[in-house]
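Observations on the three-dimensional arrangement
Single-letter residue listing:
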Amino acid sequence: MTIGKFIVFEGIDGSGKSTHAALLKERLEKLGFTVYVTAEPSEGEAGKLLRRCLTGKSDLPEEAIAALFAADRVDHIKNSSFGILSHLEKGEIVLCDRYYFSSFAYNGSYSPMDWVIELNAPARRLLRPDLTIFLDIPPESFLSRIQNRSEKERYEKIEILKKVRENYFAAFRALPDEKVAVVSNARPLPEAAEEVFRAVLPLIESPNRA
Ligand code: TYD
């Protein structure tokens, strides 16, 4: 059975994950690979409920949201129609916009991170990324995207994103066996894209999953 590669993009809001996933997909396809791009929350039942929570249409407590993200992740891995494993089994390269480090960084801002890591033990057992690419931007650069909010809202949002960024690095330190590449995206897009590609190159040169 051919087994593909699983590559995850992580970063704070506005860090350019979807842009880089699209650029990497294009580059890998030119090299002849079949690439499947996906994102979390997933399109499954738990994912739909999460989108309602994210848009303020459901007010589940933070612990329930953290558990729901972990549940959605297992569905995203195993689902027979859109599951990541089904694509990897076909030998495809799967690019995923957010995975369990998003839970550690975001949900870990509201609940103890150790507990959030524990909640995600099933996903970590089922499928670890071959590589997690963290796109790093200063939280302040998000300001330009939220100009229509009040000063207080802008300040609060930046404080949250600073905490989320710190949590990402705390999670990387707490889980040193995870393969992570930190790529600065606070520079011209082609430069960052080149570094992303260089981080991925060793994976596509080796024939088998680690
Ligand atoms: P989305 O609209 O997809 O934002 P983005 O384009 O920044 O990825 O919403 C994802 C939001 O969900 C984002 O604010 C991070 C949050 N999130 C968690 O809190 N925990 C998780 O496990 C995941 C995957 C996302």
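Above this text is the structure in question.
Read on for an overview of the structure.

The rules behind these values
- Positions within a chain are numbered from 1, following the residues in the order the chain's sequence is written.
- With pLDDT at 70 or above as the cut-off, local features in this predicted model cover only qualifying residues; side-chain atom pairs require 80 or more to be listed or tallied, and sums for whole chains, interfaces and linings still use all residues.
- Calculation of side-chain values draws on the structure's entire complement of heavy atoms; hydrogens and water are dropped beforehand.
- By definition, any uninterrupted DSSP run of H or I lasting at least four residues is a helix, any uninterrupted run of E lasting at least two residues is a strand, and each is numbered from the N terminus.
- Whether a residue is buried, partly exposed or exposed follows from its accessible area with a 1.4 Å probe, protein chains only, as a fraction of its type maximum: under 20%, in between, or over 50%, in that order.
- Residue contacts are defined here by distance: any two heavy atoms, one from each residue, within 4.5 Å place the two residues in contact.
- Note on areas: Shrake-Rupley with a 1.4 Å probe; residue coverage comes only from the protein chains shown.
- We score Asp and Glu as negative and Lys and Arg as positive, and we do not count His or the chain ends.
- Lys charges are placed at NZ, Arg charges at CZ, Asp charges at CG and Glu charges at CD.
- Buriedness for pockets is judged along seven lines, at least five of which must meet protein on both sides within 12 Å for an open set on the 1 Å grid over protein atoms alone, while cavities are sets there where a 1.4 Å probe fits but cannot get out, and lining residues have an atom within 4 Å of a point.
- Grid points are joined across faces, edges and corners, and a volume is the space filled by probe spheres set on the points.
- Residues are grouped as follows: Ala, Val, Leu, Ile, Met, Phe, Trp, Tyr, Cys and Pro are nonpolar; Asp, Glu, Lys and Arg are charged; every other residue, Gly included, is polar.
- Pairing between strands requires that DSSP locate at least two bridges from one strand to the other.
- Only the stretch in contact is used when fitting a helix axis, every axis being a line fitted to C-alpha atoms; angles between N-to-C directions are given from 0 to 180 degrees.
- Any residue with a non-hydrogen atom lying within 4 Å of a molecule or strand is treated as near it.
- As used in this structure description, the phrase polar contact means that two N or O atoms lie within 3.5 Å; if the pair is within protein, one of them must be able to donate a hydrogen and the other to accept it, and residues adjacent in sequence are counted only when both atoms belong to side chains.
- Whether a molecule sits in a cavity or pocket is decided by its atoms, more than half of which must lie within 2 Å of the grid points.

For the protein, the helix and strand inventory stands at 9 helices and 5 strands. Its C-alpha atoms give the protein principal-axis dimensions of roughly 50 × 35 × 30 Å. Considering the protein as a whole, with its 210 residues, one finds that 48% of them fall into the buried category. At a minimum sequence separation of 6, the contacts of the protein that also span at least 24 residues come to 78%. Accessible surface, the protein as shown: approximately 10,600 Å² in total, 53% of it carbon and sulfur. Once the 29 positive and 31 negative side-chain charges of the protein are each reduced to a mean point, those two points are 2 Å apart.

Bringing the layout of surface pockets into the picture now. Approximately 760 Å³ is the volume found for the largest pocket. Along the wall of the largest pocket there are 24 residues; nearest its centre are Asp13, Leu54, Phe69, Tyr106 and Asn107. The set of elements that each furnish at least two residues to the lining of the largest pocket consists of helix 2 (45-54), helix 3 (62-78), helix 5 (100-106) and helix 8 (151-174). The element contributing the most residues to the lining of the largest pocket is helix 3, with 4 residues. Partitioning the lining of the largest pocket into residue classes produces 11 nonpolar, 3 polar and 10 charged.

On to the sheet that holds strand 5 (residues 180-184). Two pairing modes exist for strands in a sheet, parallel and antiparallel, and in both the strands are linked by backbone hydrogen bonds. The strand order across the open sheet built from 5 strands is 2-3-1-4-5, with neighbouring strands paired in parallel fashion. If you trace the sheet from one side to the other, it starts and ends with strand 2 (35-39) and strand 5, each paired once. In this sheet, neighbouring strand axes are inclined to one another by 20 degrees on average, regardless of whether the strands run parallel or antiparallel. Two strands pair when backbone bridges link them, and strand 4 (residues 131-136) and strand 5 are joined in this way by 5 bridges, in the parallel orientation. In the strand pairing of strand 5, phenylalanine 134 is matched with valine 182. This element, helix 1 (residues 17-30), spans strand 1 (5-10), strand 2, strand 3 (93-97) and strand 4 of the sheet and lies at about 170 degrees to strand 3.

Before going further, it helps to spend a moment on the site of the ligand. Near the ligand, the surroundings consist of Asp13, Lys17, Glu40, Leu54, Phe69, Arg73, Arg98, Ser102, Ser103, Tyr106 and Asn107. At 2.7 Å from an oxygen atom of the ligand is found a side-chain nitrogen or oxygen belonging to arginine 98. At 2.6 Å, a side-chain N or O of serine 103 approaches an oxygen atom of the ligand. Coverage of the ligand by the protein chains reaches 74% of its 550 Å² of free accessible surface. According to the grid-proximity analysis, the pocket containing the ligand is the largest pocket. Elements with a minimum of two residues in the shell around the ligand: helix 3 and helix 5. Of all the elements, helix 5 adds the most residues to the shell around the ligand, at 3 residues. When grouped by side-chain class, the residues that make up the shell around the ligand number 3 nonpolar, 3 polar and 5 charged.

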